[in-house]
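Chain residues, written in single-letter form:
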Amino acid sequence: MFNLQDIIRPNVLKMKAYSSARDEFKGSASVFLDANENNLGSLAGEKYNRYPDPHQKKLKERIAEIKGVQPEQIFLGNGSDEAIDLLFRMVCRPGQDSMLHLPPTYGMYEVSANLNEVVMDAVQLTKDFQIPVEEVLLHVKPTTRIIFICSPNNPTGNLIEQESIEDILRAFNGLVVVDEAYIDFADALSCTTRLKEFPNLVVLQTFSKAWGMAGLRLGLAFASEEVISVLDKIKPPYNINEATQELALQALERQEALQDMIEEIVQERELLMHALPTMASVEHVYPSDANFILVKVKDANRMYNYLLDKGIVVRNRSSLPGCEGCLRISVGTLEENQKLLQAISEF
Ligand SMILES: Cc1ncc(COP(=O)(O)O)c(C=O)c1O
């Protein structure tokens, strides 16, 4: 049976959250002399002299409506990378506890584990980049606290089978983090719809991809109220800045524009998926449910440098086990994609 209290680090259980000036005063006032702000104003623009809402109340309420969850089931981070780091700090005792990830996958799970001195176990995805569930469960140790599943997976682009995710959620008594950074480009239901069933489920999403807000740094974690309350307790008090909170609220009112953008990116992705296999230097194009495509080429390093010479930067993933010979190519604008295809055809 999963019991969050069994895996939270003892120091986290014991500690109290920082109580900010804005937490201690509730009500209305006209003179604020409680937070050592600059009351003369801001050089950056109106309002920015004040600390932002540490609980991001308005933003969470709006996200909750749109995503069909409760505001108490949402944690907002300075990018989802912050949520990844805080999850480690919440349940992994440095030097003792471990995590399990499924390479080839997103590199920050490993970086963040190393930073937090979390022991790392890895089970390679299968040839078609799915989860070998039995093998994963065999690798679970008494110290395993988190299993990371990235779906659609970066850098391979594919969705992970829902049944495998559920099998792991049922069999593992730690946190199962399903990273859905690219879910908006996939024809699939988000795991946020399963939060009630699985108290050990944490779903990560981000405003960096489909919403086009990578520069503002806003990531989301959806989980049980209990998990979220611990993340809130250990986060830096003002982790989401005022500009990001305001701009995200505005963006959330532009659902139609979001859908248009997603449609255009998916359409461009499909054009690339059809065109790339016809090129002599391309050996294989992996199916993609994301806004990028993993492409196996005849000579990845040479192709990478050749594209660089043409002013086109792609991601060389050829040194990752499971991605030998592969480049990861983000879907660009129509013009950018044509330029890319033209360059590859002339390679
Ligand atoms: C799978 C995955 N998760 C998370 C992130 C990080 O997102 P954020 O910009 O919200 O930190 C990325 C960024 O590339 C990603 O590929």
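Residues numbered from 1 in each chain as written. Predicted model: local features only at pLDDT ≥ 70, side-chain atom pairs only at ≥ 80, totals over all residues. Heavy atoms only, no water.

Together, Asp128, Glu161, Glu163 and Asp167 line one region of the surface with negative charge. If you trace the backbone, Asp128 turns up in the loop between β3 (119-122) and α7 (133-138). Its relative accessible area of 54% is what places Asp128 among the exposed residues. (Patch = residues over 30% accessible without salt bridge, like charges linked within 9 Å, V, L, I, M, F, W, Y side chains within 5 Å. Areas by Shrake-Rupley, 256 points an atom, 1.4 Å probe, with all protein chains shown as cover. Salt bridge = Lys/Arg side-chain N within 4 Å of Asp/Glu carboxyl O. Lys, Arg positive; Asp, Glu negative; His and termini not counted. Charge placed at Lys NZ, Arg CZ, Asp CG, Glu CD. Helix = DSSP H or I, 4+ residues; strand = E, 2+ residues; numbered from the N terminus. Buried < 20%, exposed > 50% of the residue type's maximum accessible area, 1.4 Å probe, protein only.)

Turning next to the environment of Phe222. Among the structural elements, Phe222 can be located in strand β7 (residues 219-222). For the pair formed by Phe222 and Val140, sequence separation is 82 residues and the distance between their alpha carbons is 24 Å. In contact with Phe222, other than residues within four places in its own chain, are Ile63, Lys67, Val69, Gln73, Ile74, Thr192, Leu195, Leu201, Val202, Val203, Gln205 and Ile228. (Contact = heavy atoms within 4.5 Å.)

Of all the 7 residues making up strand β4 (residues 144-150), 7 are buried; the element is thus mostly covered by neighbouring parts of the structure. With 5 bridges connecting them, β4 and strand β5 (residues 175-179) associate as parallel partners. Paired with Ile149 across the strands is Val178, a residue of β5. Handedness of the β4-helix α8 (residues 162-171)-β5 crossover: right-handed. (Pairing = 2+ DSSP bridges. Right-handed = clockwise from strand over helix to strand, strands pointing away.)

Taken domain by domain, the protein chain holds domain 1 (4-252) and domain 2 (256-345). Relative to domain 2, the C-alpha centre of domain 1 lies at a distance of 29 Å. Each partner contributes to the interface: domain 1 provides 17 residues, whereas domain 2 provides 20 residues. On the domain 1 side of the contact with domain 2, Phe129, Pro155 and Phe185 bury the most area, a combined 38% of that side's loss. Our count for the contact surface shared by domain 1 and domain 2 stands at 0 salt bridges. Across the domain 1-domain 2 interface, the total number found is 6 residue pairs in polar contact (both at pLDDT 80 or more). (Domains from an automatic or database assignment. Buried area = accessible area lost by both parts, 1.4 Å probe. Polar contact = N/O pair within 3.5 Å; in protein donor to acceptor, adjacent residues only side chain to side chain.)

Locating Gln245 in the fold gives a position in helix α10 (residues 242-252). Since its relative accessible area comes to 8%, Gln245 is described here as buried. Side-chain polar atoms of Gln245 contact the backbone oxygen of Ile240, separated by 3.0 Å.

UniProt marks Lys209 with the feature "modified residue: N6-(pyridoxal phosphate)lysine" (unreviewed entry), using the numbering shown here. Within the secondary structure, Lys209 is located in the loop between β6 (201-206) and β7. Overall, Lys209 belongs to the partly exposed group, its relative accessible area being 29%. Side-chain polar atoms of Lys209 contact the side chain of Tyr182, separated by 3.3 Å. (UniProt positions renumbered as here; feature names shortened; annotations may be inferred.)

Around the ligand, a shell composed of 13 residues is seen, among which Ser80, Asp179, Tyr182, Thr206 and Ser208 lie nearest. At a separation of 2.6 Å, an oxygen atom of the ligand approaches a polar side-chain atom of Ser208. Between the ligand and the protein, one listed contact pairs an oxygen atom with a side-chain N or O atom of Lys209 at 2.8 Å. When isolated, the ligand has an accessible area of 390 Å², and the protein chains bury 91% of it. Looking at side-chain class alone, the shell around the ligand contains 4 nonpolar, 5 polar and 4 charged residues. (Near = heavy atom within 4 Å. Nonpolar A, V, L, I, M, F, W, Y, C, P; charged D, E, K, R; others polar.)

Quick look at helix α11 (residues 255-275) now. End to end, α11 covers 30 Å across 21 residues, agreeing with the expected 30 Å (1.5 Å per residue, within 8%). Tucked inside the fold, the buried residues of α11 contact β8 (282-285), β9 (292-297) and α13 (334-345). (Expected span 1.5 Å × (residues − 1).)

So, about the pairing of strand β2 (residues 98-101). A two-sided burial pattern is seen for β2, the buried positions comprising Ser98 and Leu100 on one face and Met99 and His101 on the other. Both β2 and β3 contribute to a ladder of 4 bridges, which runs parallel. Bridge pairing in β3 links His101 to Ala122. Regarding the hand of the β-α-β motif, the stretch spanning β2, helix α6 (residues 108-115) and β3 is right-handed.

A few words now on the packing of aromatic side chains. Under the criterion given, the structure shown has 9 aromatic pairs. Judged by centre distance (5.5 Å) and plane angle (85°), the ring pair of Tyr106 and Tyr109 falls under edge-to-face. For Tyr106, a relative accessible area of 24% translates into the label partly exposed. Among the residues examined, Tyr109 registers a relative accessible area of 0% and is labelled buried. Here the aromatic rings of Tyr306 and Phe347 are separated by 5.0 Å at their centres, their planes lie at 65°, and the arrangement is edge-to-face. One end of the pair, Tyr306, is in helix α12 (residues 300-309); the other, Phe347, is in the segment after α13, and 41 residues separate them in sequence. Take Tyr306: its relative accessible area is 17%, and that puts it in the buried class. Members of the aromatic cluster, each reached through a chain of ring pairs, are Phe88, Tyr106, Tyr109 and Phe148. Arg328 extends its terminal NZ or CZ atom over the ring of Phe292, reaching a point 5.5 Å from the ring centre. (Phe/Tyr/Trp six-rings, centres within 6.5 Å; stacked < 30°, edge-to-face > 60°. Lys NZ or Arg CZ within 6 Å of the ring centre and 35° of its normal.)

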